[in-house]
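Observations on the model geometry
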Amino acid sequence: MKKTIYFITGVLILIQPSFGQMSWLINKMMPKDSRPGKIHYTVETVTSEEYETITKMLQTNYSESFNHIKRFKEAGILGYEGPKTCLSCHKKITVTDATTGKEKSADLMKNLTTSTHYRFFTKPHSNIYGFNGKLADNFPMGKIDRPCPKPGSFAMTAWAEIVVTEQGDTLSEGCGQCHIGGQYQVPLGEMMPFYRTLKKEKDAIDCLICHAATYDMNKKQVIVDDNGFGRWDQDRSMKAAMSVVRPTAQTCLRCHQHNFGGDIYVDEADPSFMQSIQNLGHERPRIQHPGSKRGTPYSPSWDVHAAAGMSCIECHITEGHYIAKGTHTTTMMTNDLPDVEITCEKCHTAKPHEEAEYADELNDHTDAIACVTCHIPSLHPDNATMRDFSKPVFEEHHGIYVYDDILKETEPGKGIKYAWWNGDASFLGNPIGDNPNGENLYRFYNPTHIWPEFKDFDYDGWYENVMRPIAKKKPSKLYAMKLFNGKQHIDLQNMGPFGGMFVPYNLPTYYTSGNPDLAASIEMKKNMMKMMYGWLFDIYLMNKFITFMDDGSGDYLSGWDTKPYKDVVNMVKGKVEPRWIPQDALLEISHAIRRDGAYSCESCHSQNGILDWKNLGYTEDEVESLQENPLD
């Protein structure tokens, strides 16, 4: 490791720290409430008789073999101590290289703590481009530091919150509920160079939320320790440990159902897919958020793959705890295996319609049209299309104020839009692509909510000079995409033609007061927001982050401006106000795949078809021809 220079009380010190010292130093630089701590979990020990009772229950109620029942019994393990118990056998694991298919040995904890599911970020982003035309690569980015007008908050601050309503109910809220770490804060140190995950961070990891068939989601609620810091509790029962399995769709959906079908919908055909919704927590229930992020439930009534009993990792292949997301994404900025492709063709081939009527004609379309375009005919009714945080509405169910989902659209042309996409995306979730017919008539970026400060900005000229060359780099297909826009407070002194820095809301304040200005002001006073507007984040993270929001000229956002911090805290009029994102986002959708109800030829090739051919970049003559059904 390189020698490092530190200035301490005016004295120049030259030292060569170890990795452990660097991790300690990095955490000391963090606010006290954002550092990892030593967390004490009560170890539930069962008797031999209780062990046998649990064994019989598992064997009666589940079809899995649960081989850990025998392993624990032979090893005399009657109490689960978290990762320590797992590592007694699994310190090293054998994984299959996702690229070569060859097996190799890996350190389990290193493999886990360098994964997206632990870090909440990755540095490679081979398909995300800033509005300045530069690849947002070699840069820590993901849920850990990316603001979004879906939750209205930052993972860096809204991690484990207690909400007390006027009725006296105590609720749990925060980004930490979908994280496998059990610490008081998102793992901020991981973003820094030379950081090594500390033992106390590893000891707090929740292995069983992914690996236990019987995990009790009622235990996933916020508790406050004696030090005054909140964290998310875990199910570390012996019953859960004895039910260890490879992750199934049900185990993945304990967190990911929030993304797909939302926090409201339960599939009556098989409610086991919605464990997190049915088991909210007894003492401090998790808040159910209305409005699904993508509107594409993965459950038997909505997806043919779920109905067939497929697990997520049958498509999302793994390399230990690295999980492939594919090369096509607009909003999932983290990707453990960015070069590993996930396509329908891997199972269904490039000619999937062999048994269908007009099979040849349908198969001829697969070069230009993605499978999801025809096989996601609608979204779930709770799908959120436009979300407004500036005008909260009171929700009787929880007794709190929530954002206003002013539009919930589900149908083609409304909730679903169609776009040419080559797999790349802009910094704010716009699918990059171009019409393959060679005409320069299609643009994936056409701002619909232009901010008054940029009413004279030459969006057309910028597009042709900066984005058109990127869109033409790779061939595009026509994809069905989920439409979304959100209105949230913006720091207007850190903004450009394509948007600005979102101001997060203090969720307990927002929920109980219904005052977004007050909620934003209180959240900005948190230590991590002060730090974000400080010199360290300016140098290491924010300066580069904000330039991706510039047009490439440097005239608008040449760097992160730390000076507006007090203006944002005080909600100074004209300096901070809620705004829509200038261009509606189009989110990738790839679940809720249906065979029955899939679109036919006339769905597109007719006068009243689902496709807006003109906006897809076709001339009037071409549109007239395309609206004719070729099979008539």
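For the structure itself, look to the data block above.
Structural notes, computed from the coordinates. All of these numbers come straight from a predicted model, not from anything done at the bench. (Residues numbered from 1 in each chain as written. Predicted model: local features only at pLDDT ≥ 70, side-chain atom pairs only at ≥ 80, totals over all residues. Heavy atoms only, no water.)

**Things to note about the nonpolar core**
Just so we agree on the cut-off: Residues belong to a common nonpolar core when they are buried Ala, Val, Leu, Ile, Met, Phe, Trp, Tyr or Cys residues joined through side-chain atoms within 4.5 Å. Relative accessibility thresholds used throughout: buried, under 20% of the residue-type maximum; exposed, over 50%; partly exposed, between the two (1.4 Å probe, protein chains only). By definition, any uninterrupted DSSP run of H or I lasting at least four residues is a helix, any uninterrupted run of E lasting at least two residues is a strand, and each is numbered from the N terminus. For this analysis, residues touch if any pair of their heavy atoms sits within 4.5 Å.
Of all hydrophobic cores here, the largest spans 112 residues; its most connected members are Phe427, Trp462, Met467, Met501 and Met532. Per-element accounting of this core gives the leading share, eight residues, to strand E16 (residues 477–496). The contact partners of Met532, leaving out residues within four places of it in the chain, are Phe154, Met156, Met501, Phe537, Met542 and Trp560. Listed in part, the 28 residues of the second largest apolar core include Tyr118, Cys207, Ile209 and Cys255.

**Observations regarding the layout of surface pockets**
Put simply, the rule reads: Buried and open spaces are told apart on a 1 Å grid over the protein atoms alone, a cavity being a set of points where a 1.4 Å probe fits but cannot get out and a pocket being an open set with protein on both sides within 12 Å along at least five of seven lines. Residues with an atom within 4 Å of a point are the lining residues. Grid points are joined across faces, edges and corners, and a volume is the space filled by probe spheres set on the points. Side-chain classes are defined by residue name, with Ala, Val, Leu, Ile, Met, Phe, Trp, Tyr, Cys and Pro counting as nonpolar, Asp, Glu, Lys and Arg as charged, and the others, Gly among them, as polar.
There is about 1,200 Å³ of room inside the second largest pocket. Along the wall of the second largest pocket there are 38 residues; nearest its centre are His353, Leu362, Cys374, His375 and Tyr599. Of all the elements in the fold, those that place two or more residues in the lining of the second largest pocket are helix H12 (304–307), helix H14 (359–364), helix H15 (371–375) and helix H22 (601–604). For the lining of the second largest pocket, a count of residues per class yields 23 nonpolar, eight polar and seven charged.

**Some points on a negative patch on the surface**
Just so we agree on the cut-off: Only residues whose relative accessible area exceeds 30% and that take part in no salt bridge are eligible for patches, with like-charged residues grouped when within 9 Å of each other and nonpolar side chains (Val, Leu, Ile, Met, Phe, Trp, Tyr) grouped when within 5 Å. The accessible surface values rely on the Shrake-Rupley method and a 1.4 Å probe; as for residues, cover is taken only from the protein chains in view. Salt bridges are identified by distance alone: a Lys or Arg side-chain nitrogen within 4 Å of an Asp or Glu carboxyl oxygen. The charge count includes Lys and Arg as positive and Asp and Glu as negative, but it does not include His or the ends of the chains. The atoms used to mark charge sites are NZ of Lys, CZ of Arg, CG of Asp and CD of Glu.
On the surface, Glu354, Glu355, Asp360, Glu361, Asp364 and Asp367 cluster together into a patch of negative charge. Within the secondary structure layout, Asp364 lies in helix H14.

**Describing the packing of aromatic side chains**
Here is the rule: Classification of ring pairs uses Phe, Tyr and Trp, with its six-membered ring standing for Trp, and accepts pairs whose centres are within 6.5 Å; under 30 degrees between planes counts as stacked, over 60 as edge-to-face, and the remaining range as tilted. Criterion for a charge above a ring: Lys NZ or Arg CZ within 6 Å of the ring centre, and within 35 degrees of the ring normal.
The tally for this structure, following the rule as stated, stands at 32 aromatic pairs. The interplanar angle of 65° and the centroid separation of 5.1 Å between the aromatic rings of Phe444 and Tyr463 together place this pair among those described as edge-to-face. A residue pair is termed long-range when its members are at least 10 positions apart, and Phe444 in the loop between strand E15 (425–426) and helix H16 (459–471) and Tyr463 in helix H16 qualify at 19 residues. Assigned by exposure class, Phe444 and Tyr463 land together as buried. Their ring planes at 20° and their centres at 6.4 Å tell us that Tyr445 and Tyr459 sit as a pair that is stacked. Of this pair, Tyr445 sits in the loop between E15 and H16 while Tyr459 sits in helix H16; the two residues are 14 residues apart in sequence, bridging distant segments of the chain. Neither residue differs from the other here; Tyr445 and Tyr459 are each classed as buried. If you follow Lys143 out to its NZ or CZ, it ends over the ring of Phe120, 5.5 Å from the centre.

**Concerning empty space enclosed by the protein**
Taken as a whole and judged by the stated rule, the model has four cavities of 30 Å³ or more. Volume-wise, the largest cavity comes out at about 110 Å³. Contributing to the lining of the largest cavity are 18 residues, with Pro36, Gln185, Val186, Pro187 and Glu201 lying nearest its centre. Each residue belonging to the lining of the largest cavity can be placed in one class, and the counts come to eight nonpolar, eight polar and two charged. Looking at the second largest cavity, the residues that line it are Arg146, Pro147, Phe427, Leu428, Gly500, Met501, Phe502, Phe545, Ile546 and Met549. Ranked by residue count, the leading element in the lining of the second largest cavity is strand E17 (residues 499–502), at three residues. Across the lining of the second largest cavity, the residue classes break down as eight nonpolar, one polar and one charged.

**Some remarks on the pairing of E16**
Consecutive side chains of a regular strand alternate in pointing toward one face of the sheet and then the other. Formally: We treat two strands as partners when DSSP finds at least two bridges between them.
E16 sits mainly inside the fold: 18 of its 20 residues count as buried. In the sheet, strand E12 (residues 386–395) pairs with E16 via three bridges, with the strands oriented parallel. Bridge pairing links Met386 to Asn485 in E16. Here strand E14 (residues 416–421) pairs with E16 via six bridges, running antiparallel. Its bridge partner lying in E16, Ala419 is registered against Tyr479.

**Examining the packing of helix H2 (residues 48–61) against helix H3 (residues 68–75)**
Here is the rule we go by: To obtain each axis, a line is fitted to C-alpha atoms, and for helices this fit is confined to the stretch in contact; angles are then taken between N-to-C directions over 0 to 180 degrees. Note on terminology: angles under 35 degrees are roughly parallel, angles over 145 are roughly antiparallel, angles of 65 to 115 are roughly perpendicular, and the others are oblique.
Taken N-terminus to C-terminus, the directions of H2 and H3 make an angle of 170°; their axes are 11 Å apart at the nearest point. By the criterion of interaxial angle, the relationship of H2 to H3 is roughly antiparallel. Between H2 and H3, the residues in contact are Tyr51, Glu52, Thr55 and Leu58 and His68, Ile69, Phe72 and Lys73, respectively. When its residues are assigned to classes, the contact of H2 with H3 shows four nonpolar, two polar and two charged.

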